[in-house]
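# Analysis of the macromolecular model
Here's the letter readout for the chains.
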Amino acid sequence: MPKVLPLNALEAEAIYIIREVVAQFEKPVLLFSGGKDSITLLHLARKAFFPARIPFPLLHVDTGHNFPETIDFRDELVAKYDLDLIVAHVQDNIDAGIVKEETGRYSSRNQLQTQTLLDAIEEHGFDACMGGARRDEEKARAKERIFSVRNDFGEWDEKNQRPELFDLLNGMIELGQNVRCFPISNWTELDVWNYIRSEKIEIPSIYYAHERSVFERDGLIWSDSPHVYRDDHEEVAIRWVRFRTVGDMSCTAAVASTAIDIDTVIEEISGSTISERGARIDDKRSEAAMETRKQQGYF
Amino acid sequence: MDVLKIATAGSVDDGKSTLIGRLLYDTQSLPTDKLEAIKKSSEKKGYDYLDLSLATDGLVAEREQGITIDVAHIYFSTPDRSYIIADSPGHVEYTRNMITGASTSKASIILIDARKGVVEQTFRHFYINHLLKTSHLIIAVNKMDLVDYEESAFAKTEQQFRSLLDQHPLEKRTVHFVPVSALKGENVVDISGAMPWYTGSTILEILSKIDTVEESTQGFLQVQNVIRPKTEEYHDYRGFAGRIKGAHLSTGDEITVLPSMKTSTIDGIYFNGDRYDEAPVGSSVSVTLSDEVNVDRGDVLMTQLPADFELTKTIQATICWMDSTPLRPRTKFHLQYGTQRMTCRVQHILSKKSTDFRQDITEVEILELNDIARIQLKLSKPIPAITYDQSKELGRFILIEPQSRNTAAVGFIE
């Protein structure tokens, strides 16, 4: 019986991009946070080179304020697929006095990640960093090229980007520069979820509804944790929540939810009228929070 | 679900952002938090309507200046299809960013202000889409509410635009004219009650009917990587990874490797460990061949060579110059052709388009940013003598400046 390959346009495009990264760069790396987008990216990378092994390592910038479920999941995945994982610790830079920890009510290690990322890029000589960022996430991300050149300080010159024509990706760079590559640029949050469902991709349990100690502030639900600042009057309660996006614990809010499996999660997102990054506290700092961070080298 | 990519073009203040905002709003694609922000801003500015244009501006500089500098990608969907809008700048100085947005799009929406009709910028937008051979053009005659929804205003603009089309015929392409009011939501997603004289489709209806996949006669694959696992299980596996273009490929298809012109047969089409007899256009697969022929990255595996097929090292092309450093003849560049890169030299500048695109200027010494010109190139390796007219994928290239490594031009082989 003839077998015909089903066409999934977004998957085919992402695989094409990942293969171009491997062909055009000497030392590519996949930035892996343990979140659903980087897990999807990893799945696509395995398909792109199957039956060969993934020809690049994974880099996790560990803020030290992660959800333990995410770290456990990361380590299981690395063992299961025989992956090379590099972990760069934000704590190391704090201990060395290179970056200063924020204090107070909205303190977070999110901004501090940039320095650790740039150090790791320099130390390992990575010339291309693949990431699971999507253009539908945030207005500054909507402006990114698929191959986006960074100078040797990791800075993004958003007003002077390279033209990018058709599928002709130009990965030629000067020594010291590196390129941020975004294979799933054109996917939406719902595309990622539908793909996770159809491919039966495993994701950390925190994406599904569970009971957690939380408190409310500014209309958002925060995890109660030693890593998250809490005022005495802010009361902790146990509630059914899940995470829609997973970042540093101190800047990722939960959403009230009863969605306990992939079908109910998709149902919930399809009906949701709030954008995904509505629960990212770091984006609420100012109108241009993401753009400013990206100019400095944030992913 | 399939994905349709659309580009928008229009001059300043002709309502491009509002049209995009309207598409998002009327398809319920604007999340509550964004909508709240738009409501607040609109109230603050004292408007008695929602300023939907606020749904699009991305960069600080864009918000400050109230213009679009670079392409933003905006997403919306209906139950049947996902859409990606490349929201491109209209200003002359950002033409290269506009081409960036339009190059990956199947359809372009060109906005024209009904009060003004076809203006200088319309020529530029039309000409770039003409150059790219964008399959579907939608001419949205906007701000119909400001001309009392008069059919005559729409008819006048359509006629002006049709005279442009007479000068640059668009074979195999479709042009739709739609009278709209993006501000009031007439004929964007919902049909207008205010223009009963218009019996055509809304913009969204037109978009929903565009074919996302077109097949031609020749299937081919530009090799990206050679996959050699060298594991016990796949000891002799040598797969050529790439994306299928032109037409579908089947196991058993005879192929010619370009440029070596060696022939072989497709032994298997593989994806994620499964073997397929057939794979459609657009799929990213690996193929194995039945002979031990030498194939490198950049080579093209091609079915059914045309009767008069030849390889060439000299090409003529129309290019758009995108670098701030001017182009001078006799300079060398890297030429990226599919997944292949080679050295090339600009032999001559044959002519360039006047700024209004109505004349060809000859005896040109240099090309400056955003100039569109015909040039002759000499390549270090042969490529198929196939024009952009014959094949969009095989008839295009980019030039990369060897010092800065920037993409300096896009070219269309003629």
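To be clear, the structure that these remarks concern was listed above.
Keep in mind that what you see is a predicted model, and the values were worked out from it rather than measured. (Residues numbered from 1 in each chain as written. Chains lettered and ligands numbered in written order. Predicted model: local features only at pLDDT ≥ 70, side-chain atom pairs only at ≥ 80, totals over all residues. Heavy atoms only, no water.)

Our focus in this paragraph is the side chain of Arg19 of chain A. You can see Arg19 of chain A is positioned in helix H1 (residues 9-24). Of the side chains with opposite charge, Glu20 of chain A comes closest to the buried, unpaired Arg19 of chain A, at an N-O distance of 8.4 Å. Residues within four places of Arg19 of chain A in sequence aside, it is in contact with Ala48 and Phe49 of chain A together with Gln224, Asn225, Ala241, Gly242, Ser284, Val285 and Ser286 of chain B. (Helix = DSSP H or I, 4+ residues; strand = E, 2+ residues; numbered from the N terminus. Buried < 20%, exposed > 50% of the residue type's maximum accessible area, 1.4 Å probe, protein only. Lys, Arg positive; Asp, Glu negative; His and termini not counted. Salt bridge = Lys/Arg side-chain N within 4 Å of Asp/Glu carboxyl O. Contact = heavy atoms within 4.5 Å.)

On to a negative patch on the surface, then. Residue and element names in this part refer to chain A. A cluster of like negative charges, contributed by Glu122, Asp152, Glu155 and Asp157, occupies part of the molecular surface. Structurally, the position occupied by Glu155 is in the loop between strand S5 (147-150) and strand S6 (178-181). The exposure class of Glu155 is partly exposed, given its relative accessible area of 38%. (Patch = residues over 30% accessible without salt bridge, like charges linked within 9 Å, V, L, I, M, F, W, Y side chains within 5 Å. Areas by Shrake-Rupley, 256 points an atom, 1.4 Å probe, with all protein chains shown as cover. Charge placed at Lys NZ, Arg CZ, Asp CG, Glu CD.)

Of the residues lining the interface, 74 residues belong to chain B; the matching set on chain A comes to 60 residues. Buried area between chain B and chain A, both sides added, is near 5,800 Å², and the carbon and sulfur share of it is 57%. For chain B, the biggest contributors to the area lost against chain A are Leu59, Tyr75 and Arg405 of chain B; these three give 11% of the whole. Where chain B packs against chain A, one counts five salt bridges. Here Lys5 of chain B ties to Glu13 of chain A by a salt bridge, and the two come within 2.7 Å at their closest N and O atoms. No other element matches helix H4 (residues 95-103) of chain B, which puts five residues into the side of chain B that touches chain A. (Buried area = accessible area lost by both parts, 1.4 Å probe.)

Time to look at the sheet that holds strand S3 (residues 85-89) of chain A. Residues and elements named next belong to chain A. Spatial strand order, S3-S2-S1-S4-S6-S5: six strands in an open sheet with mixed pairing. Bordering the open sheet on either side are S3 and S5, each of which pairs with just one other strand. Ignoring strand direction, the axes of neighbouring strands in this sheet form an average angle of 30 degrees. With five bridges joining them, strand S2 (residues 58-62) and S3 adopt parallel strand pairing. Residue Leu58 lies in a different strand from S3, and its bridge partner there is Leu85. Strand contacts of helix H2 (residues 36-49): strand S1 (28-31), S2 and strand S4 (128-130), with the helix running at about 140 degrees to S1, the strand carrying the most contacts. Contacting S1, S2, S3, S4 and S6, helix H5 (residues 113-124) runs over the sheet at an angle of about 145 degrees to S2. (Pairing = 2+ DSSP bridges. Axes fitted to C-alpha atoms, helices over the stretch in contact; angles between N-to-C directions.)

All names here are of chain A. Ordered by their spatial adjacency, four strands build an open sheet running S8-S7-S9-S10, and the pairing between neighbours is antiparallel. On the outer flanks of this sheet lie strand S8 (220-223) and strand S10 (255-256), each paired with one strand and no other. Relative to S10, strand S9 (residues 237-242) is paired through two bridges, and the arrangement is antiparallel. Note that in S10 the partner of Val241 across the bridge is Ala256.

Our next topic: the environment of Gly176 of chain A. All names here are of chain A. Mapped onto the elements of the fold, Gly176 is located in the loop between S5 and S6. Between the alpha carbons of Gly176 and Asn66 there is a distance of 30 Å; along the sequence they are 110 residues apart. In this structure Gly176 touches Asn151 and Asp152, once residues within four positions along its chain are discounted.

Relative to the assigned elements, Arg109 of chain A resides in the loop between helix H4 (90-95) and H5. Once you skip the residues sitting within four places of it in the chain, Arg109 of chain A turns out to touch Thr63, Gly64, His65, Val90, Gln91, Ile94, Glu101, Asp248 and Ser250 of chain A.

Counting residues in each nonpolar core, the largest one holds 82 residues, and the members touching the most others are Ile18, Phe56, Phe147 and Trp193 of chain A together with Leu301 of chain B. Ranked by the residues each element gives to this core, the list is headed by H1 of chain A, at eight residues. Contacts of Leu301 of chain B, omitting those with residues within four sequence positions, involve Gly219, Phe220, Leu221, Val223, Phe240, Ile255, Thr256, Val257, Val287, Leu289 and Val295 of chain B. In terms of nonpolar packing, the next biggest core, distinct from the first, is built from 43 residues, Ala9, Ile110, Leu165 and Phe357 of chain B among them. (Core = buried A, V, L, I, M, F, W, Y, C linked by side-chain atoms within 4.5 Å.)

Moving on, we get to the packing of H1 of chain A against H2 of chain A. Residues and elements named next belong to chain A. Packing of H1 against H2 leaves a shortest axis separation of 9 Å and a crossing angle of 75 degrees. Viewed along their axes, H1 and H2 adopt a mutual orientation that is roughly perpendicular. Taken together, the residues of H2 that come into contact with H1 (itself represented by Glu11, Ala14, Ile15, Ile18, Arg19 and Val22) are Leu41, Leu44, Ala45, Lys47, Ala48 and Phe49. Residue composition of the contact of H1 with H2, by class: nine nonpolar, no polar and three charged. (Parallel < 35°, antiparallel > 145°, perpendicular 65-115°, else oblique. Nonpolar A, V, L, I, M, F, W, Y, C, P; charged D, E, K, R; others polar.)

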